[in-house]
Amino acid sequence: MRHRAPTTTSSDIPSRRPGRRRRTGLLAGLTAAALVAGMTTLTGTAAAATPTKVSDADIAASCSAAGRFCHDGNAQVVNEPGADEGNGFLRLDTPDGGKATVFNRDFYGKPLSALTDLTYETYIEQPGTGDARQAPSFNIEVTTPQGFTTLVWEPVYSGTEVTTGQWQTWSPSTSKGWWASRDVTATGTPNKFGFPTYTATFAQVQAALATATIGQIGLNQGSGVPGLRARADRFGINGTIFDFDNPVAPTTLAVVAGNQQTAQTGKPFATALATKVTGAGNLPAPGQTVTYTVTSGSASFPGGPTATATTGPDGVATAPTLTAGTDAGPVVVTATTGTLAPVTFGETVVAPPATGRNRADISVAVSAPATVAPNGTTQVIVTVRNNGPFDAAGVSAALTTPNALTVVAAPGGIAPRNGHNVAYLIPSIAASTQVTYSVTVTAGARSTGPQPVRAAAIPTRVADPNLLDNAAVTTITIKK
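What counts and how
Residues numbered from 1 in each chain as written. Predicted model: local features only at pLDDT ≥ 70, side-chain atom pairs only at ≥ 80, totals over all residues. Heavy atoms only, no water. Helix = DSSP H or I, 4+ residues; strand = E, 2+ residues; numbered from the N terminus. Buried < 20%, exposed > 50% of the residue type's maximum accessible area, 1.4 Å probe, protein only. Areas by Shrake-Rupley, 256 points an atom, 1.4 Å probe, with all protein chains shown as cover. Pairing = 2+ DSSP bridges. Salt bridge = Lys/Arg side-chain N within 4 Å of Asp/Glu carboxyl O. Lys, Arg positive; Asp, Glu negative; His and termini not counted. Contact = heavy atoms within 4.5 Å. pLDDT = per-residue confidence, 0-100. Disulfide = S-S within 2.5 Å.

Novice: Which parts of the structure should I look at to understand the overall build of the protein?
Specialist: Along its length, the protein carries three helices and 32 strands. Looking at the protein as a whole, 47% of its 480 residues are labelled buried. Only carbon and sulfur atoms are counted for the fraction: they give 53% of the accessible area of the protein, which is about 20,800 Å².

Structure (structure tokens):
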């Protein structure tokens, strides 16, 4: 639970403002190309589906130069355990009371009123020696009719206590705590920019500075907090969340699930094959493509012997279902990604229990249109399939119709004229193949209602290990 900080009076205000920084002249130095690039990602956009990654290379430029992001002082994106989002965070370090700043320029030249949603997160690794209550501040540099100023929001004035050793989420756009550089007045008193120092909400700031234009927006750890070492992440402007995170360079590929399994012929392996890609510090490497290939044995993925999967945020890539083939024996699947050393899975395909080679799972299916009119004609489709694992010789099948449905044609079958039964003598069906027959039936002139049509099939020269799928039924409704 968070505790509210003690009420701050004017005598409590640190003599050196932690958020204060001098203007570097960068606004005048922005190139036209940088301005155009920044204008393409401006106000009013919907929340991003996923955070926008910002690496140390992205913030490498000094804030005296042009660019989308910049930094001054000891500000660095690092990948370390303990990140609240992804693998990394922004570390701000002011051991000697200097400054550490990262700014974004997407909103350069836009009115202050364009900002609607401001958020960020902090984690205090080591409190400052001057004021242990302090955390990195949220800064907006603006040009106003009264001159240039940096609008600063600090957690210490929000009413929520800053806690060491845990991530905290701040919302400068909805919480009090704003003040302005170049005219620091007593707590709660108006400054020359027209809003009360330290107690203002963002709505009050925007109302007072209706004509102000934005220069850059960022996170700052200023000269008033010597000794402070902090983390920052999920820096948000109008729904766009910037996640400070360096790409993880993959170094290792390892098996995490699905190894050493056994499956019967024609059946899927119970556990999906999965690997994990990691980098330095055992950090997961998302976005890596892993290729799974059946390099020996009888098995396949849905599309064939090869399948691919992409690692998620946890670095794990899960392959599609692997299914045993028709031949019993060992199966080897090899997983690869980039130039990393491959890894292998050793699986085993076994024949169904108590089987020889003379076993075949024969199944039957029957389908037809849902309705037919009296005196009308329709087609019934009979499908006889051999699900394996072996070929089936001598398969018998039959179709039976009720009195209201008369068989008038049955190519490939044996049927009495104007009867209600069709027999099929199938010489052989290879494993994993099927045969299909079409039967024409006519509805009785005075018949109505649902009429069941039944089919059955069974091998006569081999054993069938599964008799549950040897019969099927469908219903045709005679409807006027």
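Novice: I'm lost on the sheet that holds strand E29 (residues 421–429) in this one. Help?
Specialist: Two orientations exist for strands paired in a sheet by backbone hydrogen bonds: parallel and antiparallel. Read from one edge of the open sheet, five strands run E25-E32-E31-E27-E29, paired in mixed fashion. The open sheet has two edge strands, strand E25 (371–372) and E29, and neither has a second partner. Bridging between strand E31 (residues 449–459) and strand E32 (residues 471–478) involves eight bridges; their strand directions are antiparallel. Residue pairing across strands places Arg-454 opposite Val-473, the latter belonging to E32.

Novice: Would you mind going over the pattern of salt bridges with me for this structure?
Specialist: Two side chains bearing opposite charge may form a pair once their charged atoms approach each other closely. One pass over the full model with this rule turns up 12 salt bridges. Asp-72 is paired through a salt bridge with Lys-99; the nearest N and O atoms lie 3.9 Å apart. Of this pair, Asp-72 sits in strand E2 (residues 69–73) while Lys-99 sits in the loop between strand E4 (88–94) and strand E5 (100–104), and the two are 27 residues apart along the sequence. Look at Lys-99 and you get partly exposed, because its relative accessible area is 26%. Glu-121 serves as the salt-bridge partner of Arg-234, at 3.7 Å between the closest nitrogen and oxygen. Of this pair, Arg-234 sits in strand E12 (residues 228–237) while Glu-121 sits in strand E6 (residues 118–126), and the two are 113 residues apart along the sequence.

Novice: Can you walk me through the side chain of Asp-469 in this structure?
Specialist: Within the secondary structure, Asp-469 is located in the loop between E31 and E32. Despite being buried, Asp-469 has no salt bridge partner; Lys-267 is the closest side chain of opposite charge, sitting 7.3 Å away. Ignoring any residue separated from it by four or fewer positions in sequence, one finds Asp-469 in contact with Asp-361, Ile-362, Ser-363, Val-364 and Asn-387.

Novice: Looking at this model, I keep getting lost on the confidence of the model for the protein. Mind explaining?
Specialist: Caution is warranted with low-pLDDT regions, since their predicted coordinates should not be read in detail. For the protein, the average pLDDT comes to 88, and 89% of its residues sit at 70 or higher. In the model, residues 1–48 has pLDDT below 50 throughout and makes 106 contacts with residues more than four positions away in sequence or in other chains.

Novice: Explain the state of the cysteines to me, please; I cannot follow it from the model alone.
Specialist: The term disulfide refers to a covalent linkage connecting the sulfur atoms of a pair of cysteines. In this structure the tally under the stated criterion is one disulfide. The disulfide bridge from Cys-63 ends at Cys-70, spanning 2.1 Å between sulfur atoms. Torsion about the S-S bond of the Cys-63 and Cys-70 cystine: about 90 degrees, corresponding to right-handed handedness. Assigned by exposure class, Cys-63 and Cys-70 land together as buried.

Novice: Would you mind showing me how to read unusual backbone geometry here?
Specialist: Each neighbour pair has its own omega, and for Gly-388 with Pro-389 the value is 10 degrees, a cis peptide bond. Relative to the helices and strands, Pro-389 resides in strand E26 (residues 377–389). Even without being a glycine, Asn-238 presents a positive backbone phi close to 50 degrees. Examined against the element boundaries, Asn-238 turns out to sit in the loop between E12 and strand E13 (240–244). On the basis of relative accessible area, Asn-238 is assigned to the buried category, the value being 4%. A positive phi angle, near 60 degrees, is found at Asn-282, a position not held by glycine. Structurally, Asn-282 is set in the loop between strand E16 (274–278) and strand E17 (289–296).

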